[in-house]
Amino acid sequence: MGARGELFTTQVYLDNRSYFFNVKENRTGDVFLQIVESKNRDGAEADRHQIAIFADDMQKFLQGMEKSLDFVEKDRKQRQKAAREKKAAKEAKYGHGEAANGKKIYRVKSEKTAAKADDGIKRTGKVIHIVSKKETEKTDN
């Protein structure tokens, strides 16, 4: 047994975090799993958070973990499927963006959508300019 009741320790290193999985035994002989997250901060002391799961509760803890992992995997697959369907729908609507000869196809708006009633708003690209009615009335008189 280790200096602090440690029976087993393993570590997982990620980008700026480290996880320590320590199996320990306390003074009364209870075995528990201690999970410690250590996060490096810029020039400061590391942030440390820990949880302890006792041996009696590990099965329930693992069941909750498995349910969470199953949900994450299912959600990831659904997102990938939705992205593939969206991409396929876009390609079906617009094509691959290239003709058979390798040139790009550009679509032009029809003249029906381009010609709208004069509502006092001048539309130029992404910016909308609102023309004052007073200025238009002065020029009409």
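Note that the structure is a prediction, hence the values are computed from the model and not measured.

Student: Would you take a moment to explain the confidence of the model for the protein for this structure?
Tutor: Low pLDDT marks regions whose predicted coordinates should not be analysed in detail. Looking at the protein, pLDDT values average 80 and 65% of them are 70 or higher. No element of the protein has a lower mean pLDDT than helix 2 (residues 111-114), which averages 54, and none a higher one than strand 2 (residues 17-25), which averages 94.

Student: Hey, could you run me through the sheet that holds strand 3 (residues 31-41) in this one?
Tutor: Either a parallel or an antiparallel arrangement is found when strands of a sheet pair, and the pairing is made through backbone hydrogen bonds. A sheet is described by the order of its strands in space; here 4 strands give the open sequence 1-2-3-4, paired in antiparallel fashion. Each edge of the open sheet carries a strand with a single partner, namely strand 1 (6-13) and strand 4 (44-54). On average, each strand axis in the sheet is inclined to that of its neighbour by 15°, with strand direction left out of account. Where strand 3 lies against strand 4, 9 bridges are found, and the strand directions are antiparallel. Across the sheet, residue V36 finds its bridge partner in strand 4, namely Q50. Contacts from helix 1 (residues 58-94) reach strand 3 and strand 4, with the element oriented near 115° to strand 4.

Student: Help me understand the side chain of Q34, please; the structure alone is not making it clear to me.
Tutor: Relative to the elements of secondary structure, Q34 occurs in strand 3. Engagement of the side chain of Q34 in a polar contact is seen with the side chain of K24, the distance being 3.0 Å. When sequence neighbours within four positions are dropped, the list of residues in contact with Q34 reads F20, F21, N22, K24, Q50, I51 and A52.

Student: Would you mind showing me how to read the packing of aromatic side chains here?
Tutor: The geometry of two aromatic rings is summed up by the distance between their centres and the angle between their planes. If you walk through the whole model with that rule in mind, you get 1 aromatic pair. Ring geometry for F32 versus F54: centroids 5.4 Å apart, planes at 50°, classification tilted. One end of the pair, F32, is in strand 3; the other, F54, is in strand 4, and 22 residues separate them in sequence. The exposure class of F32 is buried, given its relative accessible area of 13%.

Student: Help me understand the side chain of E37, please; the structure alone is not making it clear to me.
Tutor: By secondary structure assignment, the location of E37 is in strand 3. Under the relative-accessibility criterion, E37 is labelled buried at 18%. Within the local environment of E37, its side chain forms a polar contact with the side chain of Y19, the two groups lying 3.2 Å apart. Excluding residues that lie within four positions of it along the chain, E37 makes contacts with R17, S18, Y19, D47, R48 and H49.

Student: How should the pairing of strand 3 be read in this particular structure?
Tutor: Note on strand geometry: in a regular strand, side chains alternate between the two faces of the sheet. Two elements, strand 2 and strand 3, share 9 bridges in a ladder whose sense is antiparallel. The partner of F20 across the bridge, within strand 3, is V36. From the end of strand 2 to the start of strand 3, which pair antiparallel, there are 5 residues, and G29 there has a positive phi angle of about 95°.

Student: Would you explain the pattern of salt bridges in this entry?
Tutor: Pairs can form between side chains of opposite charge once their charged atoms are near each other. One pass over the full model with this rule turns up 3 salt bridges. Between E37 and R17 there is a salt bridge, with its nearest N and O atoms 2.7 Å apart. Of the two residues, E37 is situated in strand 3 and R17 in strand 2; the sequence distance between them amounts to 20 residues. Taking relative accessible area as the criterion, R17 reaches 29% and is therefore assigned partly exposed. Residue E73 is joined to R76 by a salt bridge in which the shortest nitrogen-to-oxygen separation is 2.3 Å. One end of the pair, E73, and the other, R76, are both in helix 1, 3 residues apart, so they sit about a helical turn from each other.

Parameters at a glance
- Residues numbered from 1 in each chain as written.
- Predicted model: local features only at pLDDT ≥ 70, side-chain atom pairs only at ≥ 80, totals over all residues.
- Heavy atoms only, no water.
- pLDDT = per-residue confidence, 0-100.
- Helix = DSSP H or I, 4+ residues; strand = E, 2+ residues; numbered from the N terminus.
- Pairing = 2+ DSSP bridges.
- Axes fitted to C-alpha atoms, helices over the stretch in contact; angles between N-to-C directions.
- Contact = heavy atoms within 4.5 Å.
- Polar contact = N/O pair within 3.5 Å; in protein donor to acceptor, adjacent residues only side chain to side chain.
- Phe/Tyr/Trp six-rings, centres within 6.5 Å; stacked < 30°, edge-to-face > 60°.
- Buried < 20%, exposed > 50% of the residue type's maximum accessible area, 1.4 Å probe, protein only.
- Salt bridge = Lys/Arg side-chain N within 4 Å of Asp/Glu carboxyl O.

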